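Report on the structure
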Amino acid sequence: TLEYDIEQDDFSRAGEASSNLKKLLKQLGIDSGIIRRIAIASYEAEINVVIHSHGGKITVYVKTDCIEVFVEDEGPGIENVELAMTEGFSTATSAIRELGFGAGMGLPNMKRCSDEFYIESKLGESTRLKMNNLEDAGLTCRSIL
């Protein structure tokens, strides 16, 4: 089990957790295609936590049949998850956009790079994600979100 704490507005460390995860998966000999998808999905999640929340954490489980990435943040939640899943939709401020973030591709990219993708959000509380990357298309990770 790997855990990474993500701080709100900490752009100096943004991307560190996903980079460390990528290095570890390479050391474990995980397929490069799976590593690439996990790196993209975890980076997008990490950036979303930095930009949109009050902080959170990424927890990763490397199993024999899959790799599970859980992301949980603290508030403010997503008002309309279906709309937030739309490519190009963003609630990022103009200041965030000036930094090169906030194009509205984070959640769609996370889903695209995951074999299984689950999102749950409660306004004023938190957003939780579960992203699974299966080593064989016939397998399913079984964990509780």
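Refer to the structure presented above.
These numbers come from a predicted model, not from an experiment. (Residues numbered from 1 in each chain as written. Predicted model: local features only at pLDDT ≥ 70, side-chain atom pairs only at ≥ 80, totals over all residues. Heavy atoms only, no water.)

Side note on the packing of aromatic side chains
A complete count under the given rule lists two aromatic pairs for this structure. Both rings, one in Y61 and one in F70, keep their centres 5.6 Å apart while their planes meet at 85°; by these two values the pair is edge-to-face. Relative accessible area serves as the criterion here: at 32%, Y61 is assigned to the partly exposed category. (Phe/Tyr/Trp six-rings, centres within 6.5 Å; stacked < 30°, edge-to-face > 60°. Buried < 20%, exposed > 50% of the residue type's maximum accessible area, 1.4 Å probe, protein only.)

Regarding the pattern of salt bridges
Side chains carrying opposite charge are able to pair once their charged atoms draw close together. All chains considered together, the criterion is met by seven salt bridges. The partner of D115 in a salt bridge is R37, with the nearest N and O atoms 3.2 Å apart. Here the residue D115 occupies a position in the loop between α5 (106-112) and β4 (116-122), and R37 occupies one in helix α2 (residues 32-52), the gap between them amounting to 78 residues. One salt bridge connects K130 with E68, and the closest N-O pair in it is separated by 3.9 Å. Of the two residues, K130 sits in strand β5 (residues 126-134) while E68 sits in strand β3 (residues 66-73), which places them 62 residues apart along the sequence. Residue K130 shares its accessibility class with E68, and that shared class is buried. Salt bridges sharing partners connect three or more residues here, namely K63, E68 and K130. (Salt bridge = Lys/Arg side-chain N within 4 Å of Asp/Glu carboxyl O. Helix = DSSP H or I, 4+ residues; strand = E, 2+ residues; numbered from the N terminus.)

A few points about the environment of G56
Residue position: G56 is located in strand β2 (residues 56-62). Here G56 falls in the buried class, since its relative accessible area comes to 15%. A C-alpha to C-alpha distance of 20 Å links G56 and T93, two positions 37 residues apart in sequence. G56 has contacts with Y4, D5, I6, V49, E72 and D73, leaving out every residue within four places of it along the chain. (Contact = heavy atoms within 4.5 Å.)

Concerning the environment of G75
Following the sequence through the fold, G75 ends up in the loop between β3 and α3 (81-84). Excluding its chain neighbours within four sequence positions, the residues that come into contact with G75 are H52, S53, H54, G124, E125 and S126.

Some remarks on the sheet that holds β5
Strand order across the open sheet formed by five strands is β1-β2-β3-β5-β4, with antiparallel pairing between neighbours. Strands with a single pairing partner mark the edges of an open sheet, and in this sheet they are β1 (2-6) and β4. With direction set aside, neighbouring strand axes in the sheet form an average angle of 10°. Of the pairings in the sheet, the one linking β2 to β3 comprises seven bridges and is antiparallel in character. For T59, the partnering residue across the bridge sits in β3 and is F70. Against the sheet, helix α1 (residues 16-27) engages β1, β2 and β3, with an angle of about 165° to β1. Running at roughly 175° to β5, α2 makes contact with β1, β2, β3 and β5 of the sheet. (Pairing = 2+ DSSP bridges. Axes fitted to C-alpha atoms, helices over the stretch in contact; angles between N-to-C directions.)

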